[in-house]
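# Chain and residue survey
Given next are the chains, with one letter for each unit.
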Amino acid sequence: MKAERFLPLLLGILTPTAATAVTDTATGIFAPGFSTLKVQLDGDFLVPPVIRLGDSRMTLYVSFDELGDEHRYMRCSLEHLTPLWQPSGLLPSEYASGFNEAEVADYAYSQNTFRHYVNYRISIPSQELYPLISGNYLLRVWDEEEPDSTLLQARFCVSENVGTITGEASHITDRGSAGEFQQVSFTFSPGNFQLQDVFSDLQAIVVQNSDPSTAVSVKPLRMQGGSIVYEHRPELIFPAGNEFRRFETTRTDYTGMHIARNGVENGAYSSWLNTDEERADRPYEYDRTQYGRFKVDEYNASDPDLGADYVKTYFTLDFPQVMNGDVYVDGEFTHHRLDDSNRMTWDAETHTYTLPMLLKQGSYNYRYVLRGHNPADKPDPAPVEGNHYETRNEYTIYIYYTPPGARYSRLLNVAVIRP
């Protein structure tokens, strides 16, 4: 299937060598009271957040809330990163115009909600935050009185839109067909762009469903005419996974999709999801997907960013107790991080895992993942969700170019493969 030529969501961290100190640059929130961090391009939550270098028609929005009634004075800045999402070492003057620092001045108060909050929005590019070169970027936000303490951060990319990428994901793999895997193959055609040594200067990174833990780096297999071919590489074989689960809390006056019941606790809305069950040994079932993303929405609000309320959302999973690891709720709304905020608790009386999360009204994709007690272990959805070759996954392909002597990697192009 031909790749959709539109620009990526968030790329994951590929682990550098053990001797290299790793800086945490993943999208995330680090301060209590903040919530609903979203990186979105031009108001379309299904379009990955990348802007084209020098294209003033494209705007990236980073939005988030702070619960409460008080406006906070914050500032933000950009940092240029490597293809592995580590600091590139460039000076701010080399990758951004102006002072590369801006006040977070676009804010508004929630309207007619039980839980009060202040909604903030940052636009990129702007006069103060204007990327000058392509590549990976990190937006950092901090309190004006504590500049060394990061409140939250968000990743995005700037692409040069060089050449074309075409590709497909197939259930016919080098490990067999119609099984538990999908295999990606693609070509990059640089057009008139001159490359020196494609086998040493190009780096392709592929990510499944924007999950950082799935990111792989791959070298070309061969040149074919004017195209660079990536196929039959073991790195490009991915566990097929399963369709994301989903629920909707766009209304609180009736039980929406996958909602068992609604209520009010301590003057605020609550929703209990239907009990989820293990799907690893069940046949594949088709369902619509947002590829793990979420969308803020409230059926009666003209501006859901301000009119959507916060709902205490209760997750329940009927699954045997895991003795050597933990179970987490995972999706874009958790930023694919695994920590106390999305770790489930085993209930010995009901023999289920449970978790309450305070989430803004909207449409959500989610899944359950397991991880061993070692933080270095990778999350694994397969024990709960299973692997089915029919699953409609999204694969994002990034092409980076680092010629000899270059001080940073250029992001030439990005494409998304969807079924």
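So, about the sheet that holds strand S7 (residues 107-109). In spatial order, the strands read S2-S4-S8-S7; together these four strands make up an open sheet with antiparallel pairing. At either end of the open sheet lies a strand with only one pairing partner, and these are strand S2 (34-41) and S7. Strand-to-strand twist across the sheet, computed as the mean angle between neighbouring axes with direction ignored, equals 15 degrees. The pairing of S7 with strand S8 (residues 117-124) spans three bridges and is classified as antiparallel. Bridged to tyrosine 107 within S8 is tyrosine 120.

Let us now look at the environment of aspartate 330. Tracing the backbone shows aspartate 330 in strand S26 (residues 325-330). Setting aside anything within four residues of it in sequence, one finds aspartate 330 in contact with His336, Asn365, Tyr366, Arg367 and Val369. Looking at aspartate 330, its side chain comes within polar contact range of the side chain of histidine 336, at 3.1 Å.

Let us look at unusual backbone geometry. In terms of backbone geometry, most residues other than glycine have negative phi values and most peptide bonds are trans. Between isoleucine 124 and the following residue, proline 125, the backbone shows a cis peptide bond with an omega angle of 0 degrees. One can find proline 125 in the loop between S8 and strand S9 (135-143). A positive phi angle, near 50 degrees, is found at asparagine 266, a position not held by glycine. Relative to the assigned elements, asparagine 266 resides in the loop between strand S21 (259-265) and strand S22 (268-273).

Residue position: serine 363 is located in strand S29 (residues 362-372). In this view, serine 363 contacts Phe247, Glu248, Thr250, Gln290, Arg293, Phe294 and Lys295; residues no more than four positions away in its chain are not counted.

One open sheet accounts for four strands, arranged S16-S15-S30-S31; its pairing is antiparallel. One side of each edge strand has no neighbouring strand; the edge strands of this open sheet are strand S16 (216-218) and strand S31 (410-417). Neighbouring strand axes in the sheet, compared pairwise and without regard to direction, differ in orientation by 20 degrees on average. Summarising the sheet, strand S30 (residues 395-401) and S31 pair through seven bridges and their orientation is antiparallel. Note that in S31 the partner of tyrosine 400 across the bridge is leucine 411.

What follows covers the confidence of the model for the protein. For the protein, mean pLDDT is 93; residues scoring 70 or higher make up 95% of the total. Low confidence marks residues 1-19, where pLDDT is under 50. Its contacts with residues over four positions away, or in another chain, come to 79 contacts.

As a further point, take the environment of glycine 33. Turning to its location among the elements, glycine 33 is positioned in the loop between strand S1 (28-29) and S2. Residue glycine 33 is classed as partly exposed on the basis of its relative accessible area, which comes to 31%. For glycine 33 and proline 404, which are 371 residues apart along the polypeptide, the C-alpha to C-alpha distance reads 46 Å. If we ignore the near neighbours within four places in the chain, the residues touching glycine 33 are Asp65, Glu66 and Leu67.

Here the focus is the pattern of salt bridges. Tallied over the full model, the rule gives 26 salt bridges. A salt bridge links arginine 337 to aspartate 24; its shortest N-O distance comes to 2.9 Å. A residue pair is termed long-range when its members are at least 10 positions apart, and arginine 337 in the loop between S26 and strand S27 (345-347) and aspartate 24 in the segment before S1 qualify at 313 residues. By relative accessible area, arginine 337 is classed as buried at 17%. The exposure class assigned to aspartate 24 is partly exposed, which follows from its relative accessible area of 39%. We note a salt bridge from glutamate 394 to arginine 418, for which the minimum N-O separation is 2.7 Å. Here glutamate 394 is found in the loop between helix H4 (382-385) and S30, whereas its partner arginine 418 is found in the segment after S31, with 24 residues between them in sequence.

This paragraph deals with the environment of threonine 150. Along the chain, the position of threonine 150 falls in strand S10 (residues 146-159). In this structure threonine 150 comes out as partly exposed when scored by relative accessible area, which is 21%. Separated by 154 residues in the primary sequence, threonine 150 and proline 304 have C-alpha atoms spaced 27 Å apart. Within the structure, the side chain of threonine 150 is placed 3.1 Å from the side chain of arginine 140, a separation counted as a polar contact.

Attention now moves to the pairing of strand S5 (residues 74-81). When you tally the buried positions in S5, you get six out of eight residues, the bulk of the element. In this sheet, S9 lies alongside S5 in antiparallel orientation, the contact comprising eight bridges. In the sheet register, leucine 81 faces S9, and the bridge partner there is asparagine 136. Examined bridge by bridge, S5 and strand S6 (residues 102-103) share two bridges and lie antiparallel to one another. Residue arginine 75 lies in a different strand from S6, and its bridge partner there is glutamate 103.

Cut-offs applied
Residues numbered from 1 in each chain as written. Predicted model: local features only at pLDDT ≥ 70, side-chain atom pairs only at ≥ 80, totals over all residues. Heavy atoms only, no water. Pairing = 2+ DSSP bridges. Helix = DSSP H or I, 4+ residues; strand = E, 2+ residues; numbered from the N terminus. Axes fitted to C-alpha atoms, helices over the stretch in contact; angles between N-to-C directions. Contact = heavy atoms within 4.5 Å. Polar contact = N/O pair within 3.5 Å; in protein donor to acceptor, adjacent residues only side chain to side chain. pLDDT = per-residue confidence, 0-100. Buried < 20%, exposed > 50% of the residue type's maximum accessible area, 1.4 Å probe, protein only. Salt bridge = Lys/Arg side-chain N within 4 Å of Asp/Glu carboxyl O.

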